[in-house]
Amino acid sequence: MGPGLYSEIGKKARDLLYKDYQTDHKFTVTTCTSNGVAITATGTRKNDLIFGEIVSQIKNKNITFDVKTNSNSNVTTTVTVDELATPGLKTIFSFVIPDQRSGKVELQYLHDYAGVNASIGLTANPVVNLSGVVGSKSLSVGADVAFDTATGNFIKYNAGLSITNADLIAAITLNNKGDSLNASYYHLVNPLFNTAVGAELTHSFSSNENTLTFGTQHALDPLTTVKARFNNYGIASALIQHEWKPKSFLTISGEVDTKGIEKSSKMGLSLVLKP
């Protein structure tokens, strides 16, 4: 078990505080054909607009093909090859039709003491992304940079540190070219009921503004989980999620501005059906 990829720094706290919260209405259903093709259809209602998406996926040994079509008439094709040439190496090729500049090749490599992710756009003047993490499962440091070959400038450079023990994960990252500092923690209080608490503090140096978010989760039973969060702007959110059959979830969430109770609250509903 190595340190993972850079995107995993602080992920446990982010999932606790933000995952599954929504104020839209979303319906997702997945079916599988006799020849192994998985088809997932998703419909989302946001305000008075409805968005649709269909994803087809087929796996053949270590190769996975994904084709996604959405209501904006975009077709995204992704080919993923696992364990290419050496264990721990993954290659991802993707492009979007009709965007001729969307082609991209990505390499991911996971090692016991390192994780590397590199990607480059398939254009004459591509954007090159490179991120890396070194360390172990308990302590890791990493960096994430992006270079625009068209302008000769770095358009992104971030850095992060993660500390993990049996029931506590702490992370700190420097983002937005050094303008934003983010610190988070995740604490598993009771593994039996999956009870956890977490918090995230973000400070912007340019605006001198702070955003502080607290959150918690608890399993009422093996199939039902409740979550809640609150930030320093007075926004309170809560959700309840029930797994009514394996891999199929019903999630109801709500959000209210405690500093403006007279404003209407927001409600979200998500239904995921999988075979």
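Here the residue index of a chain counts from 1 through its sequence in written order. For a predicted model such as this one, the threshold for reporting local features is a pLDDT of at least 70, and the threshold for listing and counting side-chain atom pairs is 80 or more; totals across whole chains, interfaces and linings nevertheless cover every residue. Each side-chain value is derived from all of the structure's non-hydrogen atoms; neither hydrogens nor water enter the calculation.

Participant: Explain the pairing of strand 17 (residues 235-245) to me, please; I cannot follow it from the model alone.
Facilitator: Successive side chains on a regular strand alternate, one facing one side of the sheet and the next facing the other. In short, DSSP must find at least two bridges between two strands for them to pair. Every helix listed is a DSSP run of H or I at least four residues long, and every strand listed is a run of E at least two residues long, numbered separately from the N terminus. Bridging between strand 16 (residues 224-231) and strand 17 involves seven bridges; their strand directions are antiparallel. For alanine 228, the partnering residue across the bridge sits in strand 17 and is alanine 238. Linkage of strand 16 to strand 17, two consecutive antiparallel strands, is achieved through a turn of three residues, within which glycine 234 is found at a positive phi near 85 degrees. With antiparallel pairing between neighbouring strands as the criterion, strand 17 and strand 18 (residues 248-257) make up a hairpin whose turn holds two residues, including lysine 247 at a positive phi of roughly 70 degrees.

Participant: It is not clear to me how the pattern of salt bridges should be interpreted in this structure. Could you clarify?
Facilitator: One side chain can pair with another of opposite charge once the charged atoms of both are near each other. Within this document, salt bridges are pairs made up of a side-chain nitrogen of Lys or Arg and a carboxyl oxygen of Asp or Glu, the two lying within 4 Å of each other. Here the structure, examined in full by the defined rule, presents four salt bridges. Between aspartate 144 and lysine 156 there is a salt bridge whose closest N-O contact spans 3.2 Å. Here aspartate 144 is found in strand 10 (residues 139-148), whereas its partner lysine 156 is found in strand 11 (residues 153-164), with twelve residues between them in sequence. Take aspartate 144: its relative accessible area is 12%, and that puts it in the buried class. Residue class for lysine 156 comes out partly exposed when judged on its relative accessible area of 27%. In this scheme, a residue with accessible area under 20% of its type's maximum is buried, one over 50% is exposed, and one in between is partly exposed, where area comes from a 1.4 Å probe on protein chains only.

Participant: Hey, could you run me through the side chain of threonine 195 in this one?
Facilitator: Along the chain, the position of threonine 195 falls in strand 14 (residues 195-204). Non-local contacts of threonine 195, meaning those with residues more than four positions away in its chain, are made with His187, Leu188, Val189, Asn190, Gln217 and His218. Note on contacts: a residue pair qualifies if any of its non-hydrogen atoms lie within 4.5 Å across the two residues.

Participant: I tried to follow unusual backbone geometry on my own but got confused; where do I start?
Facilitator: Glycine aside, negative phi is the norm for most residues, and most peptide bonds take the trans geometry. The residue after isoleucine 97, namely proline 98, is reached through a cis peptide bond having omega 15 degrees. The residue proline 98 is located in the loop between strand 6 (89-97) and strand 7 (104-111) in this model. The phi torsion at lysine 61 lies on the positive side, around 60 degrees, for a residue other than glycine. Residues other than glycine seldom take positive phi values, yet asparagine 208 does so here, at roughly 60 degrees.

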